[in-house]
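# Coordinate analysis (summary)
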Amino acid sequence: APLQLSEADLGLDAAAGLQSLLFKREEVARELRDLVGMTHLKAFLHELGAKVEFVNRGGDPRLLEGCLNIVLTGNPGAGKTTAARLLFR
């Protein structure tokens, strides 16, 4: 059977619908803005968000095709876990 994702799997509230999703986007954007440094991560997430918004407004969905396998490396405390969490959200 194919994998079925629910609203709960994505942390969304089905009753709130689109407002729930918009709140999540604003929450991630606010958290990203508050990060100190990480300019490359901020730029990458901003570019990815712009692509998603373009496709949502009717752009070519092939723009989002590609692999997001990423290896995060760095010293302890460099923000690898924070970056991974923001990428997931």
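The structure contained in this document is the topic of the report that follows. (Residues numbered from 1 in each chain as written. Predicted model: local features only at pLDDT ≥ 70, side-chain atom pairs only at ≥ 80, totals over all residues. Heavy atoms only, no water.)

## Considering the overall build of the protein
Along the backbone of the protein there are 3 helices and 0 strands. The order of α-helices and β-strands along the protein, N terminus first, is α-α-α. Here the protein holds 89 residues, and 12% of them are scored as buried. Restricting to contacts in the protein with at least 6 residues of sequence separation, those with at least 24 account for 43%. Put simply, the protein shows about 7200 Å² of open surface, and 59% of that area lies on carbon and sulfur atoms. (Helix = DSSP H or I, 4+ residues; strand = E, 2+ residues; numbered from the N terminus. Buried < 20%, exposed > 50% of the residue type's maximum accessible area, 1.4 Å probe, protein only. Contact = heavy atoms within 4.5 Å. Areas by Shrake-Rupley, 256 points an atom, 1.4 Å probe, with all protein chains shown as cover.)

## As for helix 2 (residues 39-56)
Between its terminal C-alpha atoms helix 2 stretches 25 Å, which fits the 26 Å expected from 18 residues at 1.5 Å a residue. For helix 2, the complete set of buried residues consists of Leu41, Leu45 and Val55. The buried residues of helix 2 all sit within an arc of 85 degrees when viewed along its axis, so they share a single face. Seen from the open side of helix 2, the exposed residues pointing more than 90 degrees away from its buried face are Thr39, His40 and His46. (Expected span 1.5 Å × (residues − 1). Arc of directions from axis to C-beta.)

## Let's talk about a nonpolar patch on the surface
Among the surface-exposed residues, Phe44, Leu68, Ile70 and Leu72 lie close enough to one another that they form a single nonpolar patch of about 340 Å² accessible area. In this fold, Leu68 is placed in the loop between helix 2 and helix 3 (80-88). Judged by its relative accessible area of 54%, Leu68 falls in the exposed class. (Patch = residues over 30% accessible without salt bridge, like charges linked within 9 Å, V, L, I, M, F, W, Y side chains within 5 Å. Salt bridge = Lys/Arg side-chain N within 4 Å of Asp/Glu carboxyl O.)

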